[in-house]
Amino acid sequence: MPTEAEFAGEMGYVSFSLKYRPKKFEEIVGQQHVSRTLMNAVASGRIAHAYLFAGPRGTGKTSTARVLAKALNCLSSDRPTPHHRRRLAPRYR
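Residues numbered from 1 in each chain as written. Predicted model: local features only at pLDDT ≥ 70, side-chain atom pairs only at ≥ 80, totals over all residues. Heavy atoms only, no water.

A.B. asks: Account for the overall build of the protein, with residues named and values stated.
C.D. replies: Across its full length, the protein carries four helices and zero strands. Secondary structure elements of the protein occur, N-terminal to C-terminal, as α-α-α-α. The buried share of the protein, reckoned over its 93 residues, is 22%. For the protein, the share of sequence-separated contacts (at least 6 apart) that also reach a separation of at least 24 residues comes to 43%. With the model as given, the accessible surface of the protein reaches about 7,200 Å², and the carbon-plus-sulfur share is 56%. (Helix = DSSP H or I, 4+ residues; strand = E, 2+ residues; numbered from the N terminus. Buried < 20%, exposed > 50% of the residue type's maximum accessible area, 1.4 Å probe, protein only. Contact = heavy atoms within 4.5 Å. Areas by Shrake-Rupley, 256 points an atom, 1.4 Å probe, with all protein chains shown as cover.)

Given below as structure tokens:
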């Protein structure tokens, strides 16, 4: 599956929301309390069976969910912060 940057190279255009989407919990703006809570949950290994992201448009629900998914699927990390070059579980590639 191509990355967002590779896809952009093929298409020539990247939407604003994809180009500037946060890649790490530290990059999420205005939701520090949510980021801190999710980082602590990942670090301690106490992950809930479901998370509900609710709120008005533009508050970072999708961005936060994507960062959380990357952190949970990262196999080679001992920290809660995902890295785009780290190995992912085979079924999520």
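A.B. asks: Describe the nonpolar core, listing the residues and the values that go with them.
C.D. replies: Within the largest apolar cluster, seven residues are counted, these being F25, I28, L38, V42, V67, L68 and A71. Going through the elements one at a time, helix 3 (32–44) and helix 4 (61–73) are the ones with two or more residues in this core. For this core, the element with the highest residue contribution is helix 4, accounting for three residues. Dropping the residues within four chain positions of it, I28 is found in contact with P22, S35, T64 and V67. (Core = buried A, V, L, I, M, F, W, Y, C linked by side-chain atoms within 4.5 Å.)

A.B. asks: Would you mind going over the confidence of the model for the protein in detail, with residue names and values included?
C.D. replies: Detailed conclusions should not be drawn from predicted coordinates in areas where pLDDT is low. When pLDDT is averaged along the protein, the result is 80; 69% of the residues meet or exceed 70. Within the protein, helix 3 carries the highest mean pLDDT (92), whereas helix 1 (residues 4–11) carries the lowest (59). (pLDDT = per-residue confidence, 0-100.)

A.B. asks: Quick one: what's the story with helix 3, residue by residue and with numbers?
C.D. replies: With 13 residues, helix 3 extends 18 Å from end C-alpha to end C-alpha; this agrees with the ideal 18 Å at 1.5 Å per step. Where helix 3 is concerned, the buried positions are S35, L38, A41 and V42. Here the buried residues of helix 3 occupy an arc of 130 degrees about the axis, which is enough to place them on one side. Of the residues in helix 3, the exposed ones pointing more than 90 degrees away from the buried face are R36, T37 and A43. Against helix 4 lie the buried residues of helix 3. Looking one or two residues past helix 3, G45 carries a phi angle of roughly 80 degrees, positive in sign. (Expected span 1.5 Å × (residues − 1). Arc of directions from axis to C-beta.)

A.B. asks: So what's going on with the side chain of T64? Residues and values would help.
C.D. replies: Tracing the sequence through the fold places T64 in helix 4. When sequence neighbours within four positions are dropped, the list of residues in contact with T64 reads I28, V34, L38 and F53.

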